[in-house]
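Next come the chains, spelled out residue by residue.
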Protein chains: 2
Amino acid sequence: MAIMRLCPNSYLSVTHKITGLQNNLKLFHFTPRPPPLFSSIFTHSVADNDAVTSQVEVSSSNPSTKHNDPPFSGLDETMTGFLFGKKKATEVAHAVWKNVVRKGDLVVDATCGNGYDTLAMLRLIADDSRRGRVFAMDLQKDALESTSSLLDRSLTADERGLVELYAMCHTKMEDLVPKGAAVRLVAFNLGYLPGGDKKIKTESETTLLALEAAKRMLARGGLISILAYVGHSGGREEFEKVELFAAELAADNWVCSKLQMLNRPSAPVLVLISKK
Amino acid sequence: MAIMRLCPNSYLSVTHKITGLQNNLKLFHFTPRPPPLFSSIFTHSVADNDAVTSQVEVSSSNPSTKHNDPPFSGLDETMTGFLFGKKKATEVAHAVWKNVVRKGDLVVDATCGNGYDTLAMLRLIADDSRRGRVFAMDLQKDALESTSSLLDRSLTADERGLVELYAMCHTKMEDLVPKGAAVRLVAFNLGYLPGGDKKIKTESETTLLALEAAKRMLARGGLISILAYVGHSGGREEFEKVELFAAELAADNWVCSKLQMLNRPSAPVLVLISKK
């Protein structure tokens, strides 16, 4: 959620500090420094003064005890719950991701919002190899702070180090990932930031550009997951454009489907685009 | 599949005999005798000469060894396979049913076609209690013969005894089930009989009447499962009417959803209607 209509070229850096279970978001500042893990990726298209970094200074007393969210449920439980009105579409999305993403994968949260998707993705990719990465982005400061806070509360320092947060437009997501790297999942949660300013929301034009970027980046066997909210102004039009984007993908290489409520017209629609 | 447009009031009885793994479909004849297990249900609306029975004479040498079809897969495997083009919508439907139906339940196959749904349902309800029943119906003789043959090849005599096959219109399904009995699942596989005469197919008018009947019969926690084929003449119109039927159900008591391919416009659509 919460990508502003106009995507500026300036990226914002988030530097923060964890003390015990407290999240102390210390500083937002512009910086010419790229993320330490993927510095090479900034050489091809992002100017130095646009680069972003996410740094974590850790002084947690016991970071290994931070697993305070429940493990993923499977699709049997989640999908059946959804069909009987007991689970949300976002939970179905997470259960689908669980079947696609593997430890050590590179994944992208195109709209980190309050961070629940980012956290869910981290759970799927994190292991001792530390190869996995979640590239998560949003344009709203509130969204980044909220995500950062959730991650700090929920993750060990090692896990937290596998998430890179960017204040940027998701149309630029290709700038973050090393060229040729296999991206297993790109997730979109469209609309506005829950609890935030409802006037600031994703818009069809940039969403479609971001979907084109996601399509170029995705590995075979990968998934683009879009949760489209249709109840707010412009939401249905955006969903219909996403639907059209999916409908036009060649069936030889792509499988595009949607899971949609029929008697709750304002319920979000889950669009899933898989690369064969 | 394969309910003719006009639903006659005459029902056809199927009597057959199993010898080893062979299916010998011996006789189709009209009979005044109701099914032995639910004879009382025929007193309220079905004339004696309309009643139907399905009798099995068994001389199988080793009926306990007939489990030659694989067990059900879960939704994690099936749904993910569907999303990547490796599983069919009908397999997703079966995996959904597995999470809804319990041993000993009463279930209805409204369009038995070649019998794969009937067999899948039997697997879900059969246990030593012998309380469960599958009421399966079709109007086409070819469909009933095909279903009967599949069941005879695949089931033990005890299991086969839990399936009742009827040559009747699914608009009359309420006549089969004892009044007040809890029906957990009513499944529709719309369109024409695969391998049969494509001119004989389900039609919107009777499908909607059958859905109304299914709605009246369904237990809380039960499911109406409709696989709508949209690639043949009239198929899309029928699907749209089913969709409208679902969309108009009160959200307080019903959860209606659909799983639909976006870039394969003629792929079947799975509509799932759950009673809270």
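Residues numbered from 1 in each chain as written. Chains lettered and ligands numbered in written order. Predicted model: local features only at pLDDT ≥ 70, side-chain atom pairs only at ≥ 80, totals over all residues. Heavy atoms only, no water.

A. Fine view of the interface of chain A and chain B. Facing 37 residues of chain A, the contacting portion of chain B comprises 37 residues. Carbon and sulfur atoms supply 65% of the area that chain A and chain B bury against each other, a total of about 3,000 Å² over both sides. In this structure, the connection of chain A to chain B is made through 0 salt bridges. In this assembly, chain A and chain B are joined by 16 residue pairs in polar contact (both at pLDDT 80 or more). At the level of secondary structure, the elements contributing two or more residues to the side of chain A that touches chain B comprise α1 (75-83), α2 (89-98), β8 (218-228), α7 (235-247), β9 (254-261) and β10 (269-275) of chain A. Across 5 bridges, β9(A) lies against strand β9 (residues 254-261) of chain B in antiparallel orientation. (Contact = heavy atoms within 4.5 Å. Buried area = accessible area lost by both parts, 1.4 Å probe. Salt bridge = Lys/Arg side-chain N within 4 Å of Asp/Glu carboxyl O. Polar contact = N/O pair within 3.5 Å; in protein donor to acceptor, adjacent residues only side chain to side chain. Helix = DSSP H or I, 4+ residues; strand = E, 2+ residues; numbered from the N terminus. Pairing = 2+ DSSP bridges.)

B. Geometry of unusual backbone geometry. For A:Arg130, which is not a glycine, the phi torsion comes out positive at approximately 55 degrees. For A:Arg130, the position within the fold is in the loop between α3 (116-125) and β5 (133-138).

C. Inspection of the relation of the copies chain A and chain B at higher detail. For these two chains of identical sequence, chain A goes onto chain B by a turn of 180 degrees and a shift of 0.0 Å along the axis, with RMSD 0.0 Å. The transformation relating the two chain copies, once decomposed into turn and shift, fits a two-fold axis. Closest to the rotation axis within chain A is the C-alpha of A:Leu259, separated from it by 2.3 Å. When the interface residues of chain A are mapped onto chain B, 100% of them again lie at the interface, so the same face is used by both copies. (Least-squares fit on C-alpha atoms with pLDDT ≥ 70 in both.)

D. Quick look at α7(A). All names here are of chain A. The first and last C-alpha atoms of α7 sit 18 Å apart over 13 residues, in line with the 18 Å expected at 1.5 Å per residue. For α7, every residue scored as buried is listed here: Gly 235, Glu 238, Phe 239, Val 242, Glu 243, Phe 245 and Ala 246. The buried residues of α7 occupy one face: seen down the axis, they fall within an arc of 160 degrees. In this structure, the buried side of α7 is in contact with α6 (204-217), β8, β9 and β10. (Expected span 1.5 Å × (residues − 1). Buried < 20%, exposed > 50% of the residue type's maximum accessible area, 1.4 Å probe, protein only. Arc of directions from axis to C-beta.)

E. Looking closely at the pattern of salt bridges. Residue and element names in this part refer to chain A. In the structure shown here, the tally under the stated rule is 23 salt bridges over all chains. The residue Glu 91 makes a salt bridge to Lys 87 at a minimum N-O spacing of 3.9 Å. The class for Glu 91 is partly exposed, based on a relative accessible area of 30%. Look at Lys 87 and you get partly exposed, because its relative accessible area is 24%.

F. The nonpolar core, seen in detail. Residues A:Trp97 and B:Trp97 are the most contacted members of the largest nonpolar core, which totals 84 residues. If we ignore the near neighbours within four places in the chain, the residues touching A:Trp97 are A:Asp117, A:Ala120, A:Met121, A:Leu124, A:Leu185, A:Ala187, A:Leu223 and A:Ser225. (Core = buried A, V, L, I, M, F, W, Y, C linked by side-chain atoms within 4.5 Å.)

G. Quick look at the packing of helix α3 (residues 116-125) of chain B against helix α4 (residues 141-154) of chain B. Residue and element names in this part refer to chain B. Their axes nearest at 9 Å, the elements α3 and α4 cross at an angle of 40 degrees. Here α3 is positioned oblique relative to α4, judged by the angle of their axes. Considering the relative orientation of α3 and α4, their crossing is right-handed. Residues Tyr 116, Thr 118, Leu 119 and Arg 123 of α3 touch α4, and the partners they reach there are Thr 147, Leu 150, Leu 151 and Ser 154. When its residues are assigned to classes, the contact of α3 with α4 shows 4 nonpolar, 3 polar and 1 charged. (Axes fitted to C-alpha atoms, helices over the stretch in contact; angles between N-to-C directions. Parallel < 35°, antiparallel > 145°, perpendicular 65-115°, else oblique. Left-handed = near helix turned anticlockwise from the far one by under 90°. Nonpolar A, V, L, I, M, F, W, Y, C, P; charged D, E, K, R; others polar.)

H. Representation of the pairing of β8(A) within the structure. All names here are of chain A. Most of β8 is tucked away: 9 of the 11 residues are buried. In this sheet, β8 lies alongside strand β7 (residues 183-189) in parallel orientation, the contact comprising 6 bridges. Opposite Val 183, over in β8, you have Leu 218 as the bridge partner. With α6 bridging β7 and the parallel β8, this β-α-β connection has right-handed handedness. (Right-handed = clockwise from strand over helix to strand, strands pointing away.)

I. Expanded view of α3(B). The buried count for α3(B) comes to 9 of 10 residues, which makes it a mostly enclosed element. Within the span of α3(B), buried status applies to B:Asp117, B:Thr118, B:Leu119, B:Ala120, B:Met121, B:Leu122, B:Arg123, B:Leu124 and B:Ile125.

J. Looking closely at the side chain of A:Asp117. Residues and elements named next belong to chain A. In this fold, Asp 117 is placed in helix α3. Here Asp 117 sits buried without a salt bridge, and the closest side chain of opposite charge, Lys 88, lies 11 Å off (N-O distance). At a separation of 3.4 Å, a polar atom in the side chain of Asp 117 contacts the side chain of Asn 189. Sequence-distant contacts of Asp 117, that is, excluding residues within four places in its chain, are made with Thr 90, His 94, Trp 97, Asp 109 and Asn 189. (Lys, Arg positive; Asp, Glu negative; His and termini not counted.)

K. Seen up close, the packing of α6(A) against α7(A). All names here are of chain A. Put simply, α6 and α7 touch, their axes get as near as 10 Å, and they point 30 degrees apart. Relative to α7, the element α6 is oriented roughly parallel. Handedness of the crossing formed by α6 with α7: right-handed. Contact residues: Ser 204, Thr 207, Leu 208, Leu 211, Glu 212 and Lys 215 in α6; Glu 237, Glu 238, Lys 241, Val 242 and Phe 245 in α7.

L. Main features of the environment of B:Lys98. Inspection of the secondary structure puts B:Lys98 in helix α2 (residues 89-98). For B:Lys98, a relative accessible area of 33% translates into the label partly exposed.

M. Structural view of the environment of B:Asp128. Residue and element names in this part refer to chain B. You can see Asp 128 is positioned in the loop between α3 and β5 (133-138). A residue is classified by how much of its surface remains accessible, and Asp 128, at 80% relative accessible area, is exposed. Separated by 47 residues in sequence, Asp 128 and Asp 175 have C-alpha atoms that sit 26 Å apart.

N. Summary view of the environment of B:Gly221. Note that B:Gly221 resides in strand β8 (residues 218-228). Note on B:Gly221: relative accessible area 25%, which makes it partly exposed. Once you skip the residues sitting within four places of it in the chain, B:Gly221 turns out to touch A:Phe84, B:Val100, B:Arg184, B:Lys275 and B:Lys276.

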